[in-house]
Amino acid sequence: MGLSARRHARTSSRFLSRTLIVNVWRLLGIILLVWGEFGVYFWSLSSCKWPTTAVQVWFNNKLNSIQSTGKPTHILLLTDTQLEHPYAYREKVSWSDFLHRLTYELYLKRSWRVSMRMKPNTVFFLGDMLASGKDMSSDKEYKQYFEAFRQTFPLEPNVNAYYMPGNNDVGMGVTRPISRHIRKAFFQTFGPFNQQVIIHNHTFVLLDAPGLVDEDYTRAAQRIPYDKWSPLPGGPVYEQHLGCVVVLIRSEVDDTPLILLSHIPLWRKDADSCGPLREKGSIRKGVGHGYQNTLQKHTSDFLIESLQPSIIFSGDNRDYCEHIHKVVSGRVPEDVAVIPEITVKSFSPSKHILRPGYQLLSLADPDPTARFHQSIAHDLCLLPDQRFIHWRLYAGFAYSTMIVMILFNIRRRRRLSPHALLTPLSHHIPLTGIPSPYPSLVTAPWTSYAPPSPTSPRGSLPGTIRTPNAFSGPTFRSASRPGTPRTAAPLLSPIPYHHEEAEDDSLYPPQYANIRPHMLEEETWSPEHLDHLGDSENGSLIMSPYLAPNGPQKRRPWSWTWTFAFRGRRRRMTIHAPSMSWSAFGDLMAFLGDGVSADVKFKQRGIIQSIMIDFLSVAWMFVATWTVMAWWSF
């Protein structure tokens, strides 16, 4: 192997050193973490915009949309936040369950912070705010649960919030007898069960859907139709001295647009489609312990005919669904009213969906005189896929790290195979292979004053020879053993030694070095120092080739200097900009490279242990960075 080949091998070993590979992979892991823990949330927000309301008018025999004038009101609709109980972390659970609950809460916190950057005027929670509110044993415990909810979903002082009960908040069905104190606790913390809210000349009706389901079972058991049913005292559709709340609300709102909010979707056929924005399947009828997929058909028809809403928003199903209810609005069968119902996507991650989300709603002033007036506009906003982040992004990075470490250690083992020398020279190099302009001197014969065990100059070089690393001419030195040479002996044979970089030669000592250009730029260098370099007789300056003014002058990099006094002495601190050159880059690679001790440790550990150590060297930095990010998020 020649000099250039050895240089190439040394440079490649620096670029593929263990320290460099591990640190580069650590940096990639940190960048991936920042993107997976924060970047994807802001990326999802970039595609969310408030919908605009419009007025559709006829112009030139065409239906045109004109944007409504005035500032619209922005409303955020979200459902199924499903916050875990704060005491769940104190239970004795496995590490996998603990990490699942921790990442689950982190997802809720970050999604909520990103959602609040939309700056809504009002927020409606469509039920199931708590994952296990129905299981609370006392009012005090329920209030602690509510405080944990407020800390996870904080609101700005100028944002109004309204809450609706869900089946996980207050219970439903067979859990009804044991949930009476839970309903009382819900009323004391979240607010009333049935509410009527007017926003921007639109009436919102918040319905107690779980209580309505329980009362519906009681009515159905007695076989009484809804139009003849008297609401139960203290029930979901009853107010003392007022009677049926649903009928009362419709009589008050007159012709203003009405928006119905229900936690449980209204009845529809199983074969009805939910539109292209749903991930899979449709909403089907189903009843189980503490849940019901849809309201009963008679209950749904009663609500639609009594309230005549302009649009319905529901939740509980976890996935998005868009359904059209058709109701005959007059005596003529052809006069059919079309009422859309939007089932809002779950805000919390679930096994039933890939990407959670929420609904954006914009309201404008209704104009009854305008035909086809659209004062209500809504749009879906999606959140990141948590399973993609954990099982594809992070797990993929772990797999790629293991593969890279395996390939790197295999290459390292081949480089340090037993057939290679332990010296800087990796192969046996014949003396004649050394490039030299003096071949006759290189092949000069040995004299009688050679060592007692002579070695052929055409054989292998000893392991202690200095490795040449510069393209400089050979320096000839005389080699001799101690003692007096024989009188008949000729001149000792010269042995060529090539100069090396960063090493001092005994024939070229540092005390005879010429003045470098940077010496003249130092503040401590004065003209008096130059007088010592001049001729003592005529005072002329003997210029060194390094001081020739004709050559291009290198510009010094930027530096910042601070002078101060410390312990009675004047100090100076200077910060220089890093040098952008190949030599500086080579120095950095040499600093990051492995030493001889690293190769020795690699041989002692073996390839399997070295792979695991390198993988863990990247993994611990990844885990530590994630821990810091999680702590900062809380």
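Note that the structure is predicted; figures quoted are calculated from it, not measured. (Residues numbered from 1 in each chain as written. Predicted model: local features only at pLDDT ≥ 70, side-chain atom pairs only at ≥ 80, totals over all residues. Heavy atoms only, no water.)

### Brief notes about the overall build of the protein chain
Step number 1: Check the secondary structure of the protein chain and you find 15 helices and 22 strands.
Step number 2: When the 634 residues of the protein chain are sorted by exposure, 39% land in the buried category.
Step number 3: Taking all contacts inside the protein chain whose residues are at least 6 apart in sequence as the whole, residues at least 24 apart take part in 74%.
Step number 4: Per element, the accessible surface of the protein chain, about 38,200 Å² overall, is 58% carbon and sulfur. (Helix = DSSP H or I, 4+ residues; strand = E, 2+ residues; numbered from the N terminus. Buried < 20%, exposed > 50% of the residue type's maximum accessible area, 1.4 Å probe, protein only. Contact = heavy atoms within 4.5 Å. Areas by Shrake-Rupley, 256 points an atom, 1.4 Å probe, with all protein chains shown as cover.)

### So, the nonpolar core
Step number 1: One finds Trp112, Phe149, Phe190 and Tyr358 to be the most contacted residues of the largest nonpolar core, which totals 59 residues.
Step number 2: No other element matches the 8 residues that helix H2 (residues 18-46) contributes to this core.
Step number 3: Residues contacting Phe190, with those up to four places away along its chain left out, are Met129, Leu130, Tyr142, Phe146, Phe149 and Tyr163.
Step number 4: Formed by 20 residues, the second largest nonpolar core is a distinct cluster that contains Ile75, Leu77, Leu126 and Phe313. (Core = buried A, V, L, I, M, F, W, Y, C linked by side-chain atoms within 4.5 Å.)

### Re the state of the cysteines
Step number 1: Scanning the entire structure with this criterion turns up 2 disulfides.
Step number 2: Between the sulfur atoms of Cys48 and its disulfide partner Cys381 the distance amounts to 1.7 Å. With the S-S bond torsion at 85 degrees, the cross-link from Cys48 to Cys381 turns out right-handed. Within this pair, whereas Cys48 is found in the loop between H2 and strand S1 (54-59), its partner Cys381 is found in strand S18 (residues 376-382), the two being separated by 333 residues in sequence.
Step number 3: Classification of Cys48 by relative accessible area gives buried; the value is 8%.
Step number 4: With relative accessibility at 1%, the residue Cys381 sits in the buried group.
Step number 5: Each sulfur of the disulfide joining Cys274 and Cys321 lies 2.1 Å from the other. (Disulfide = S-S within 2.5 Å.)

### Structural notes on helix H6 (residues 180-189)
Step number 1: Every buried residue of H6 is accounted for by Ile182, Arg183, Ala185, Phe186 and Thr189. Buried residues of H6, viewed axially, fall in a sector of 160 degrees; they line one side.
Step number 2: Looking at the residues trailing H6, positive phi occurs at Gly191, about 125 degrees. (Arc of directions from axis to C-beta.)

### Overview of the packing of aromatic side chains
Step number 1: The tally for this structure, following the rule as stated, stands at 25 aromatic pairs.
Step number 2: Taking the centre distance of 5.5 Å and the plane angle of 80 degrees together, the rings of Tyr394 and Phe622 count as edge-to-face. You can see Tyr394 sitting in helix H10 (residues 386-415) and its partner Phe622 sitting in helix H15 (residues 607-633), a full 228 residues away along the chain. Of the two residues examined, Tyr394 and Phe622, each falls in the buried class.
Step number 3: Ring pairing ties together the aromatic residues Trp112, Phe125, Phe146, Phe149, Phe153, Tyr163, Phe186, Phe190, Phe193, Phe347 and Tyr358, which thus form one cluster.
Step number 4: One Lys or Arg, Arg183, reaches over the ring of Phe193 and ends 4.1 Å from the middle of that ring.
Step number 5: A cation sits over an aromatic face here: Lys297 above Trp267, 5.3 Å from the ring centre. (Phe/Tyr/Trp six-rings, centres within 6.5 Å; stacked < 30°, edge-to-face > 60°. Lys NZ or Arg CZ within 6 Å of the ring centre and 35° of its normal.)

### As for the pairing of strand S13 (residues 311-314)
Step number 1: Neither face of S13 is open: one carries Ile311 and Phe313, the other Ile312 and Ser314, and all of them are buried.
Step number 2: Across 4 bridges, the pairing between strand S10 (residues 258-262) and S13 is parallel. By the bridge assignment, Leu260 is partnered in S13 with Ile312.
Step number 3: Pairing analysis gives 3 bridges linking S13 to strand S15 (residues 336-343), with the strands arranged parallel. Within S15, the residue paired with Ile312 across the bridge is Glu341. (Pairing = 2+ DSSP bridges.)

### Here's the deal with the packing of H2 against H15
Step number 1: Running from amino to carboxyl end, H2 crosses H15 at an angle of 30 degrees, the nearest separation of the two axes being 9 Å. Taken together, the axes of H2 and H15 are roughly parallel relative to one another. Every pair of crossing elements has a handedness; the one defined by H2 and H15 is right-handed. Across the interface between the two elements, Arg18, Val22, Trp25, Arg26, Gly29, Ile30, Leu33, Val34, Glu37 and Phe38 of H2 pack against Ile613, Asp614, Ser617, Val618, Trp620, Met621, Phe622, Thr625, Trp626, Met629, Trp632 and Ser633 of H15.
Step number 2: Classifying every residue of the contact of H2 with H15 gives 14 nonpolar, 4 polar and 4 charged. (Axes fitted to C-alpha atoms, helices over the stretch in contact; angles between N-to-C directions. Parallel < 35°, antiparallel > 145°, perpendicular 65-115°, else oblique. Left-handed = near helix turned anticlockwise from the far one by under 90°. Nonpolar A, V, L, I, M, F, W, Y, C, P; charged D, E, K, R; others polar.)

### Some details on the side chain of Ser633
Step number 1: Mapped onto the fold, Ser633 is located in helix H15.
Step number 2: A distance of 2.9 Å separates the side chain of Ser633 from the side chain of Arg110, its partner in a polar contact.
Step number 3: In terms of polar contacts, Ser633 uses its side chain to reach the backbone carbonyl oxygen of Met629, at 2.9 Å.
Step number 4: What Ser633 contacts, discounting residues up to four positions off in sequence, is Phe38, Leu106, Lys109, Arg110 and Arg113. (Polar contact = N/O pair within 3.5 Å; in protein donor to acceptor, adjacent residues only side chain to side chain.)

### Re the environment of Gly290
Step number 1: Along the chain, Gly290 falls in the loop between strand S11 (287-288) and strand S12 (291-292).
Step number 2: Residue classification places Gly290 among the buried residues on the basis of a relative accessible area of 3%.
Step number 3: Through-space distance from the C-alpha of Gly290 to that of Gly171 is 6.3 Å; in sequence the pair is 119 residues apart.
Step number 4: Look past the residues within four positions of Gly290 in its chain and what remains in contact with it is Asn167 and Met172.

### Examining the sheet that holds strand S14 (residues 321-328)
Step number 1: Spatially, the 6 strands line up as an open sheet ordered S6-S7-S10-S13-S15-S14, and their pairing is mixed. Of all strands in the sheet, those with a lone pairing partner are strand S6 (195-199) and S14, marking the two edges. Between one strand axis and the next, the sheet turns through 20 degrees on average, direction left out of account.
Step number 2: Across the sheet, helix H9 (residues 297-307) touches strand S7 (202-206), S10, S13, S14 and S15, and the angle it forms with S14 is around 70 degrees.

### Section: the pattern of salt bridges
Step number 1: Under the criterion given, the structure shown has 10 salt bridges.
Step number 2: Here Arg18 makes a salt bridge to Asp614, at a shortest N to O gap of 2.5 Å. A residue pair is termed long-range when its members are at least 10 positions apart, and Arg18 in helix H2 and Asp614 in helix H15 qualify at 596 residues.
Step number 3: You can call Asp614 buried: its relative accessible area is 1%. (Salt bridge = Lys/Arg side-chain N within 4 Å of Asp/Glu carboxyl O.)

### Concerning the sheet that holds S18
Two strands in a sheet stick together by hydrogen bonds in their backbones, pointing the same way (parallel) or opposite ways (antiparallel).
Step number 1: If you walk across this open sheet you meet the 5 strands as S5-S4-S3-S16-S18, and the pairing is mixed. With partners counted over all chains shown, the strands left at the sheet margins are strand S5 (160-163) and S18, one partner each. Averaged over all pairs of adjacent strands, the angle between their axes in this sheet comes to 20 degrees, without regard to strand direction.
Step number 2: Note: strand S3 (residues 73-78) against strand S16 (residues 357-363), 5 bridges, orientation antiparallel. Of the residues in S16, the one forming a bridge with His74 is Ser362.

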